[in-house]
Amino acid sequence: MIRKENLEAMIKAIGYIQSSRSKVFEKKYSQFDCAIEVDFNGSGSINYPEDKGMKITRKTTCNFSQPENFVVLECITRLMDKGYRPEHIELEKEWTLGHSDKGGFADILVKDADGKTLFIVECKTAGNEYKKELNNTLNDGGQLFSYWKQEGACKWLSLYASDFDGTNVSYTTEKYSLQGTTQGRYLTGGVPPVRFSM
């Protein structure tokens, strides 16, 4: 599991370097003229490129308070490494779930160039937390499908976990293609989503 104790080694393994400021590491993206910063000062913070259009609804994943936040950091880094632009990424998108005023917050939402939702990622720590949410997803749709009910134009859903063995970062993901899927009774009505791997 990625924890505060091994976070520095993990971010170095994925290309972060010490910045000119003490205890601050960064990964620069020259193609987007921005950087992600991980600041170990105080209680710790993760600074995403909001000035370049990345939207952050609430800052709960921008600190060191939960190991899941480090999975979100690794996933955002992976997405930007693959060329996803900061202005197409939103953290902690909020939706109202069910019949109450209770809300849900998707960890990562990625939009296409036209601003339409491309995919939603729910991040979990590796191991038991990931397995529990995968089981929930398979049984009743879990968090991911509740977000999809709010964002029906979404093309893919992904349950994601990453881990660090002290040298290498690995990730696990279950992805669901929703193209051609219809919403209806229970999860999806008559046309179910398709699980796939890359």
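In what follows, the structure referred to is the one given above.
Notes on the structure follow. Keep in mind that this is a model prediction, so the values were computed, not measured. (Residues numbered from 1 in each chain as written. Predicted model: local features only at pLDDT ≥ 70, side-chain atom pairs only at ≥ 80, totals over all residues. Heavy atoms only, no water.)

**Concerning the overall build of the protein chain**
1) Next: Helix and strand counts for the protein chain stand at four helices and 11 strands.
2) Next: For the protein chain, the proportion of its 198 residues judged to be buried stands at 46%.
3) Next: In the protein chain, the proportion of contacts linking residues at least 24 apart, taken out of those at least 6 apart, comes to 49%.
4) Next: When the accessible surface of the protein chain is split by element, carbon and sulfur atoms take 47% of a total near 10,100 Å². (Helix = DSSP H or I, 4+ residues; strand = E, 2+ residues; numbered from the N terminus. Buried < 20%, exposed > 50% of the residue type's maximum accessible area, 1.4 Å probe, protein only. Contact = heavy atoms within 4.5 Å. Areas by Shrake-Rupley, 256 points an atom, 1.4 Å probe, with all protein chains shown as cover.)

**Re helix H4 (residues 142-150)**
1) Next: The set of residues buried in H4 consists of Leu144, Phe145, Tyr147 and Trp148. Seen end-on, H4 carries its buried residues on one side only, within an arc spanning 155 degrees. (Arc of directions from axis to C-beta.)

**A word on unusual backbone geometry**
1) Next: Residue Asp33 is not a glycine yet carries a positive backbone phi of 55 degrees.
2) Next: Structurally, Asp33 is set in the loop between strand S2 (24-29) and strand S3 (34-39).
3) Next: Located in the positive-phi region is Glu92, a residue other than glycine, with phi close to 60 degrees.
4) Next: On the secondary structure map, Glu92 appears in strand S6 (residues 89-96).

**With respect to the packing of aromatic side chains**
1) Next: Applying the stated criterion across every chain yields a total of seven aromatic pairs.
2) Next: An angle of 70 degrees between the planes, with centres 5.5 Å apart, marks the rings of Phe145 and Tyr176 as edge-to-face. Here Phe145, found in helix H4, pairs with Tyr176, found in strand S10 (residues 169-177); they are 31 residues apart in sequence, far enough to count as distant.
3) Next: With centroids separated by 5.5 Å and ring planes inclined at 15 degrees, the aromatic side chains of Tyr160 and Tyr171 adopt a geometry described as stacked. One end of the pair, Tyr160, is in strand S9 (residues 156-164); the other, Tyr171, is in strand S10, with 11 residues separating them in the sequence. (Phe/Tyr/Trp six-rings, centres within 6.5 Å; stacked < 30°, edge-to-face > 60°.)

**Observations concerning the pattern of salt bridges**
1) Next: Evaluation of the coordinates by the stated rule reveals 15 salt bridges.
2) Next: As a salt-bridge pair, Asp81 and Lys27 come within 3.0 Å of each other at their nearest N and O atoms. Of the two residues, Asp81 sits in helix H2 (residues 67-81) while Lys27 sits in strand S2, which places them 54 residues apart along the sequence.
3) Next: Since its relative accessible area comes to 42%, Asp81 is described here as partly exposed. (Salt bridge = Lys/Arg side-chain N within 4 Å of Asp/Glu carboxyl O.)

**Focus: the sheet that holds S2**
1) Next: With antiparallel pairing, four strands are arranged side by side in an open sheet as S1-S2-S3-S4. Sheet topology places strand S1 (17-18) and strand S4 (45-47) at the edges, where each strand pairs with a single neighbour. (Pairing = 2+ DSSP bridges.)

**Observations regarding the pairing of strand S8 (residues 117-123)**
In summary, the side chains of a regular strand alternate between the two faces of the sheet.
1) Next: S8 sits mainly inside the fold: seven of its seven residues count as buried.
2) Next: With five bridges connecting them, S8 and S9 associate as parallel partners. In the strand pairing of S9, Ile120 is matched with Leu157.

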